[in-house]
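Here are the chains, one letter per residue:
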Amino acid sequence: MATFLYRLGRLAFRRRHFAALLWVALLTLAGVGAASAPAAGNTSFSIPGTEAQKAFDLLEQRFPGMSADGATARVVFKAPSGEKMTDAVNKATVQKTVAKLKGDSQVTSVADPYEGHAVSKNGSIAYASVKYKVSGMELEDSSRDALKAAARQARDAGLTVEIGGDALTTTPETGSSEVIGIAIAAVVLVITFGSLLAAGLPLLTAIIGVGIGVSTITALAAALDLGTTTSTLASMIGLAVGIDYALFIVSRYRAELAEGREREEAAGRAVGTAGSAVVFAGLTVVIALVGLSVVNIPMLTKMGVAAAGTVAIAVLIALTLIPALLGYAGRRIKPAGEKSKLLGGGRTAGKPGRPNMGTRWAGFVVRRPVAVLLLGVIGLGAAAIPAASLELGLPDDGSQPASTTQRRAYDLLSEGFGPGFNGPLMVVVDAKGSDDAKAAFARVGDEIKGLKDVVTVTPAASNKAGDTATITVVPGSKPSSATTENLVHAIRDKGTDIARETDSTVLVTGSTAMNIDVSQKLNDALLPYLALVVGLAFLLLIVVFRSILVPLKAALGFLLSVLAALGAVVAVFQWGWLSGLMNVEQTGPVMSMMPIFMVGVVFGLAMDYEVFLVTRMREAYVHGEKPQQAVVTGFRHGARVVTAAAVIMIAVFSGFIGSSESMVKMIGFGLAVAVFFDAFLVRMAIVPAVLALLGKRAWWLPKWLDRALPNVDVEGEGLRTAEERRDADPDGERELVRA
């Protein structure tokens, strides 16, 4: 592989005009496609195999005009202090608003609060339920504008009016903190390279890669049902890995220049060596992201595949566009150790001096491996303790910022009708095989009324055929609580008994039941997914490192870092620690897809650092150095760059903490913390300590497996000249180690 990538790097360097033109053409094509494509909305939420989804599908079949998955809105009214919603003036205002809402062509029904008994007991709060023909993603802007205009008209009449439900879907805002993250990345690159031009190359290529990836996602959004969150997460991951991959290529290029090589040769060798590490690091990320499809949740699959596509683009750009731009830069890119004149240059490359920080740190770890290993493991273990209290759920309007109308509507409904009113359960009774459908409907309603935590059970509403009915159940607790989840399971258990006695089927659905089913599905898929991703990456790393223990150590270190990161997420978003600093207005259960998404993304990123850092150690070991010295050599060449890469990733991910969408905020925080733990505690402390303790055993591989594995030559041994081999082994006494 190193030889092929070496030739590719030299070709891109020589044919720089063609390489640059190709990527500019791809960016332009993707941009034109995105500009001409319809705007993306929130992706549809279908969960195959769950009871809630089966109920939705049954409703579509038996209630064809019901639009079970159609958008809903609740327009909540509150009377001024000292007045009631039943007062004549306020009642007239509400009825005028209801009439205005009915005029929208996409509205199927609007429930009058006074006819549907939707006025609180004290008379201060009322609500009108609005049902639409299409989902929130398909709802036209004119319908949203009409909804807001009707509410504004009622406000002008003196009422407090807020709107809840999924009809007001909005594009998440990341805020200025995303720009700050990129600015921090730029500063880190300048410090790392000592050159504005060298620092600008990774940023430029990463932005081009993300531009192509996100534009492609936008262009395909309507056809593939991709939501706004898909492109946000793809840009988050694509930007981070794009900067990192380019950083490693440029850093190796400058190191090759410092050894006196011509620029084209240096570019070829940089792509052949660091590029090999980029390819395998990218493969681990792609495997982790595409592996999300095993969960069988379409939204999660699309997010993973879209992000994986952006990562693949970042790898290709690092291998082709970076050497082309290095060719354009020419002598303005200085060898390693030289700074540009603008940044106080004058230090000569190759000038002997005191060991760098990476060398000194590795020397310390090699001398005291047991102490460093124990401190690292104990520290990560302490951070992981809150993960034992992990509670999972999906966000609802109650997790929205207090400044939003959805959150204010949620609070008003809780005040007037109780917290469970924000998450009613819909029970669907299929009595097609029953001899007495009406008796079955009544039996289900009576059984539910006797359950704990039930506040209201509406009479069964049957379809025209009379064989299927819906019953609305209002719990006494809020939608995301464990009590409501227990109620859903209790209804389903009762339904199993009723089904045997009445030959009918009882299904529980609605947004609350759907969230519960999704959480359960994700929990069930976590271990199989972890086994698949870690297993495939383990095999890949055996090929890269030609070792059993090094990949095993990499996987165990990843588990430590991801558990510690989950502990930090629980502490902030569930317990409320530092919630003010993170602008978390409402604590509650951790988003149910967070553990499995973190496993996928963090595993890929963790393997990035493993590949970049340990391949340099293996390269030194294969070229004849002793195991402990190889660890120090790996840190001398790689620690500064890996540190810069980690700081950049942390800065980019932290930028998404400013998002207005709780899911994006939580993922940004979780990934930033996970990168910190994995890069600085696992890869920079635990990894060298373990390798120092293992010595030569770290690179052990059974001979039969050594013969069976393909030789991918990540170390670039095939690029070494005969003279370089003689310099490395002047007496001819040492042989290259085949681990």
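Above: the structure in question.
Chemist: Can you walk me through the overall build of the protein chain in this structure?
Modeler: Within the protein chain one finds 22 helices and 11 strands. Taken across its 739 residues, the protein chain has 56% of its residues classed as buried. Taking as baseline every contact in the protein chain between residues at least 6 positions apart, the subset at least 24 positions apart corresponds to 79%.

Chemist: It is not clear to me how the pattern of salt bridges should be interpreted in this structure. Could you clarify?
Modeler: Working definition: two side chains of opposite charge can pair if their charged atoms are close together. Tallied over the full model, the rule gives 22 salt bridges. Across the pair Glu51 and Arg492 runs a salt bridge, and its minimum N-O distance is 3.0 Å. Taken together, the residues span a long stretch of sequence, with Glu51 in helix 3 (residues 51–62) and Arg492 in helix 15 (residues 482–502) at a distance of 441 residues. By relative accessible area, Glu51 is classed as partly exposed at 22%. Overall, Arg492 belongs to the buried group, its relative accessible area being 13%. Between Arg155 and Glu162 there is a salt bridge whose closest N-O contact spans 4.0 Å. Judged by its relative accessible area of 8%, Glu162 is buried. It is possible to trace a salt-bridge network through shared partners that takes in Arg10, Arg14, Glu264, Glu265 and Arg269.

Chemist: Got a minute to help me understand empty space enclosed by the protein in this structure?
Modeler: Taken as a whole and judged by the stated rule, the model has four cavities of 30 Å³ or more. Every element with two or more residues in the lining of the largest cavity is listed here: helix 7 (196–224), helix 8 (228–258) and helix 10 (298–329). Tallied by class, the residues present in the lining of the largest cavity amount to six nonpolar, five polar and no charged.

Chemist: I tried to follow the sheet that holds strand 3 (residues 125–132) on my own but got confused; where do I start?
Modeler: Through backbone hydrogen bonds, the strands of a sheet pair up, either in parallel or in antiparallel fashion. If you walk across this open sheet you meet the four strands as 2-3-1-4, and the pairing is antiparallel. The open sheet has two free edges, formed respectively by strand 2 (107–111) and strand 4 (160–164), since each of these has just one partner strand. Taken pair by pair, the neighbouring strands of this sheet meet at an average axis angle of 20°, ignoring direction. In the sheet, strand 1 (residues 72–78) pairs with strand 4 via five bridges, with the strands oriented antiparallel. Across the sheet, Arg74 pairs through a bridge with Gly164, a residue of strand 4. In the packing of helix 5 (residues 141–156) onto the sheet, contacts are made with strand 1, strand 3 and strand 4, and the angle to strand 4 comes to roughly 160°.

Chemist: Would you mind showing me how to read the packing of aromatic side chains here?
Modeler: Describing an aromatic ring pair means giving the distance of the ring centres and the angle of the ring planes. Per the stated rule, a full pass over the model turns up nine aromatic pairs. Ring centres of Phe676 and Phe677 lie 5.8 Å apart, and the angle between their planes is 55°; on these two criteria the pair is classed as tilted. Take Phe677: its relative accessible area is 13%, and that puts it in the buried class. Feature note: the residues Tyr127, Phe417 and Phe421 constitute an aromatic cluster, connected by ring pairs. A cation over an aromatic ring shows up here: Arg16 above the ring of Phe13, its NZ or CZ 5.0 Å from the ring centre. Above the face of the Tyr127 ring, Arg74 is positioned so that its terminal group lies 5.3 Å from the ring centre.

Chemist: Where do I start with the nonpolar core in this structure?
Modeler: One recurring pattern in soluble globular proteins is that nonpolar side chains are buried together. Judged by nonpolar contacts, the single largest core of 167 residues is most densely connected at Tyr245, Leu300 and Phe558. No other element matches helix 18 (residues 594–622), which puts 19 residues into this core. Excluding its chain neighbours within four sequence positions, the residues that come into contact with Tyr245 are Val278, Ala281, Gly282, Val285, Val311, Ala314, Val315, Ala318, Asp608 and Phe612. Among the nonpolar cores identified, the runner-up in size contains 26 residues, and Ala73, Leu101, Tyr114 and Ala154 belong to it.

Chemist: Please explain unusual backbone geometry as it appears in this structure.
Modeler: Residues apart from glycine generally show negative phi values, whereas peptide bonds are mostly found in trans. Positive phi outside glycine occurs at Asp453, with the angle close to 75°. Following the sequence through the fold, Asp453 ends up in the loop between helix 14 (437–449) and strand 7 (454–457). A relative accessible area of 22% means that Asp453 is categorised as partly exposed. Residues other than glycine seldom take positive phi values, yet Arg546 does so here, at roughly 50°. Inspection of the secondary structure puts Arg546 in the loop between helix 16 (511–545) and helix 17 (549–574). For Arg546, a relative accessible area of 6% corresponds to the buried category.

Chemist: Before we go on, may I ask you to explain helix 3 in this structure?
Modeler: For an α-helix, 3.6 residues make a turn, and residues three or four places apart therefore share a direction. Look at helix 3: 16 Å from first C-alpha to last across 12 residues, which is about the 16 Å you get at 1.5 Å a residue. Regarding helix 3, the residues found buried are Ala52, Gln53, Ala55, Phe56, Leu58, Leu59 and Arg62. In this structure, the buried side of helix 3 is in contact with strand 6 (425–430), strand 9 (468–475), helix 15, strand 10 (505–509) and helix 16.

Chemist: How should the pairing of strand 3 be read in this particular structure?
Modeler: A regular strand places its side chains on the two faces of the sheet in alternate fashion. Burial within strand 3 is extensive, with seven of its eight residues counted as buried. Judged from the seven bridges that link them, strand 1 and strand 3 form a sheet pairing that is antiparallel. Across the sheet, residue Lys78 finds its bridge partner in strand 3, namely Ile125. The sheet contact formed by strand 2 and strand 3 spans four bridges and is antiparallel. Its bridge partner being in strand 3, Ser109 is matched across the sheet by Lys131.

Chemist: When you look at the environment of Ala461 in this model, what are you seeing that I'm missing?
Modeler: Assignment of secondary structure puts Ala461 in strand 8 (residues 461–462). Residues Ala461 and Ile471, spaced 10 residues apart in sequence, show a C-alpha to C-alpha distance of 6.6 Å. Not counting chain neighbours up to four residues away, the residues in contact with Ala461 comprise Phe63, Thr468, Ala469 and Thr470.

What counts and what doesn't
Residues numbered from 1 in each chain as written. Predicted model: local features only at pLDDT ≥ 70, side-chain atom pairs only at ≥ 80, totals over all residues. Heavy atoms only, no water. Helix = DSSP H or I, 4+ residues; strand = E, 2+ residues; numbered from the N terminus. Buried < 20%, exposed > 50% of the residue type's maximum accessible area, 1.4 Å probe, protein only. Contact = heavy atoms within 4.5 Å. Salt bridge = Lys/Arg side-chain N within 4 Å of Asp/Glu carboxyl O. 1 Å grid on protein atoms, 1.4 Å probe; cavity = no way out; pocket = protein on both sides within 12 Å on 5 of 7 lines; lining within 4 Å. Points joined across faces, edges and corners; volume = space filled by probe spheres on them. Nonpolar A, V, L, I, M, F, W, Y, C, P; charged D, E, K, R; others polar. Pairing = 2+ DSSP bridges. Axes fitted to C-alpha atoms, helices over the stretch in contact; angles between N-to-C directions. Phe/Tyr/Trp six-rings, centres within 6.5 Å; stacked < 30°, edge-to-face > 60°. Lys NZ or Arg CZ within 6 Å of the ring centre and 35° of its normal. Core = buried A, V, L, I, M, F, W, Y, C linked by side-chain atoms within 4.5 Å. Expected span 1.5 Å × (residues − 1).

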